[in-house]
Amino acid sequence: MFTFEMQRDNFTVLNITDMQLNEYHYDKADPRYDHSYDVMDHTIRTLVARVKPDLITISGDLAWAGQYDSYADFADWMDSYGIPWAVVMGNADHTGLVSEFWGAYQLAEAKNSLFDYGPRNMGYGNYIINITEHGKPIHTLFMMDTHHEEEMQAGSYDHLYDNQIAWYQWAVKGIAAEVGHTVESTVIMHIPVPEYKDAWQSVYDEETQTLRAPYCNHAFCRVQESMGYPVFNNGFFSVCKSLGSTKNMLCGHDHVNCFSIDYEGITLSYALKTGYGCYWKPDTHGGTTLTVSTDGHVKTEHHYI
């Protein structure tokens, strides 16, 4: 568990996602170099200068096929900012590696990284970041691994497992017992829960192909590809609703989808993709911030680059 004490009126988390680097993205001497690393570098430097984050989170898919060298180089590059950073693993964050543990090890050993392996038998990277005021948690970030076994559900993407949900429940209740009340929280993961589809359908009119108010004027409310949620609904969203702690979920995974929709008391957000690795569209490119105020509430914003 990591702790950040509020030093001013708000605490800013910058989320980047789905950089999808490979071994050619950083070596200008290699003829296969395609400038995507340059785009990512420019994007993140611009975002850091603009929002001045206290913490950078990465919601998965740092790299993909042929990524062996990318993890160590990405870790060194992120450390160069001097800003704490925290990663959850994506479904592509196991391909081309000696093992998934090897990739996790590069993240865990980096100087400014908060990455923690987490409890056993839950994947890699299930851990908690508490934002505190006067030593008491006012907002919790749950970093959770949505795994990568696509074959498990006959072509479906993976999901959170029962032991992870039990761990989440234990943590929410434990933090509430420590503080004396339920503490507001955000879940950061890679693969969305199935309720993202329901949230979109609640605001999008298929007949007119327009968004309903108040989302009709949101520049970053777009679904431009099929959502990659699991076909199996593990009930995690319902658990979050029942406990009343999590008010925000933030995911990556679907590169050209982006929105923040209030659905049944929880804001479901697709983060803007950062860089053009694998595939992208410029109109959903940049980063996403979570601004935590002293009352523990979060404001989500998308920053187009």
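Scroll up to find the structure this text is about.
Just so you know, these numbers come straight off a predicted model, no measurement behind them. Here, residues in each chain are numbered from 1, in the same order as that chain's written sequence. Two thresholds apply to this predicted model, a pLDDT of at least 70 for residue-level local features and 80 or more for giving and counting side-chain atom pairs, whereas whole-chain, interface and lining totals are computed over all residues. Excluded from the side-chain calculations are hydrogens and water; all other atoms, namely the structure's heavy atoms, are used.

(A) Local environment of the overall build of the protein chain. Each helix is a run of DSSP H or I of at least 4 residues and each strand a run of E of at least 2, with the numbering of both proceeding from the N terminus. When you go through the protein chain residue by residue, the secondary structure sums to six helices and 14 strands. Since a compact globule built from 305 residues should have a radius of gyration of about 19 Å, the 18 Å found for the protein chain is in line with a globular shape. Reported as C-alpha extents along the three principal axes, the dimensions of the protein chain are approximately 55 × 50 × 40 Å. For every residue, the accessible area obtained with a 1.4 Å probe (protein chains only) is divided by the maximum for its type, and the residue is called buried under 20%, exposed over 50%, and partly exposed between those limits. The buried share among the 305 residues of the protein chain stands at 57%. Of the roughly 12,600 Å² of accessible surface on the protein chain, a fraction of 50% belongs to carbon and sulfur atoms. Neither His nor the chain ends is counted toward charge; the positive residues are Lys and Arg and the negative residues Asp and Glu. Every charge is mapped to an atom, namely NZ of Lys, CZ of Arg, CG of Asp or CD of Glu. Charged side chains of the protein chain number 18 positive and 40 negative; the gap between the two group centres comes to 6 Å. This radius of gyration counts C-alpha atoms alone. The globule rule is 2.2 Å times how many residues there are, raised to the power 0.38. Each accessible area is a Shrake-Rupley result for a 1.4 Å probe, and residues are judged covered by the shown protein chains and nothing else.

(B) Region of the structure containing the sheet that holds strand S13 (residues 286–293). DSSP calls a pair of strands paired once it identifies at least 2 bridges connecting them. Pairing is mixed in the open sheet, where five strands are placed in the order S4-S3-S2-S13-S14. In this open sheet, the two edge strands, each paired with only one partner strand, are strand S4 (85–88) and strand S14 (298–304). Each strand axis lies, on average, 25 degrees off the axis of its neighbour in the sheet, ignoring direction. Alignment of strand S2 (residues 10–16) against S13, held across six bridges, turns out to be antiparallel. Residue pairing in the sheet places Leu14 in a bridge with Thr289 of S13. Only C-alpha atoms enter the line fits that serve as axes; for helices the fit covers just the stretch in contact. Angles between N-to-C directions range over 0 to 180 degrees.

(C) Structural detail: the packing of aromatic side chains. Centre distance within 6.5 Å is the pairing criterion for rings of Phe, Tyr and Trp, where only the six-membered ring of Trp is used; planes under 30 degrees apart are then read as stacked, over 60 as edge-to-face, and the remainder as tilted. Per the stated rule, a full pass over the model turns up 22 aromatic pairs. Seen from their ring centres, Trp77 and Tyr81 are 5.5 Å apart, and the 75 degrees between their planes marks the pair as edge-to-face. Judged on exposure class, the residue Trp77 and its partner Tyr81 are both buried. Seen in terms of ring centroids, Phe115 and Tyr117 are 6.1 Å apart; in terms of plane orientation they differ by 85 degrees. Their pairing is edge-to-face. By relative accessible area, which is 5% here, Phe115 ends up buried. Tyr117 gets classed as partly exposed once you look at its relative accessible area, which sits at 24%. Chaining the aromatic ring pairs together yields one cluster made of Phe2, Phe101, Tyr105, Phe115, Tyr117, Tyr124 and Tyr127.

(D) Molecular detail of the layout of surface pockets. Cavity: a set of points on a 1 Å grid over the protein atoms alone where a 1.4 Å probe fits but cannot get out. Pocket: an open set with protein on both sides within 12 Å along at least five of seven lines, its lining residues, like those of a cavity, having an atom within 4 Å of a point. Grid points are joined across faces, edges and corners, and a volume is the space filled by probe spheres set on the points. Here the largest pocket defines a volume of roughly 240 Å³. For the largest pocket, the lining is made up of 14 residues, of which His218, Ser260, Thr300, Glu301 and His302 are closest to its centre. Listing elements by their share of the lining of the largest pocket, those giving two or more residues are strand S11 (260–263) and S14. Looking at the lining of the largest pocket, the element that brings in the most residues is S14, giving five residues. Under the convention adopted here, Pro, Cys and the residues Ala, Val, Leu, Ile, Met, Phe, Trp and Tyr are nonpolar, Asp, Glu, Lys and Arg are charged, and Gly plus all remaining residues are polar. For the lining of the largest pocket, a count of residues per class yields five nonpolar, six polar and three charged.

(E) Representation of the environment of Asp76 within the structure. Counting through the fold element by element, Asp76 comes out in helix H2 (residues 70–79). Asp76 sits in the exposed class, given a relative accessible area of 55%. Through-space distance from the C-alpha of Asp76 to that of Lys111 is 8.4 Å; in sequence the pair is 35 residues apart.

(F) Local environment of the nonpolar core. Buried Ala, Val, Leu, Ile, Met, Phe, Trp, Tyr and Cys residues form a nonpolar core when they are joined through side-chain atoms within 4.5 Å. Residues Ile16, Ile56, Ile58, Phe74, Met78, Trp85 and Ile129 are the most contacted members of the largest nonpolar core, which totals 51 residues. Contact definition: two residues touch when any of their heavy atoms are within 4.5 Å. Setting aside residues no more than four positions away along its own chain, Ile129 makes contact with Phe2, Phe4, Leu55, Ala86, Leu114, His139, Thr140, Leu141 and Met143. One finds Ile165, Tyr168, Val172 and Met227 within the second-largest nonpolar core, a separate group that totals 35 residues.

(G) Structural detail: the sheet that holds S11. Read across the open sheet, the seven strands follow the order S1-S5-S6-S7-S10-S12-S11; overall the sheet is mixed. Each edge of the sheet is formed by a strand with only one pairing partner; in this case those strands are strand S1 (2–5) and S11. Along the sheet, successive strands turn relative to each other by an average axial angle of 20 degrees, direction set aside.

(H) Quick look at unusual backbone geometry. At the junction of Ala213 and Pro214, the peptide bond is cis and its omega measures out at 5 degrees in the coordinates. Backbone geometry at Asp18 places phi at a positive 55 degrees, although glycine is not the residue there. Mapped onto the elements, Asp18 comes out in the loop between S2 and helix H1 (36–51). Not every positive phi belongs to a glycine, and Asp61 is a case in point at roughly 55 degrees. By secondary structure assignment, the location of Asp61 is in the loop between strand S3 (55–59) and H2.

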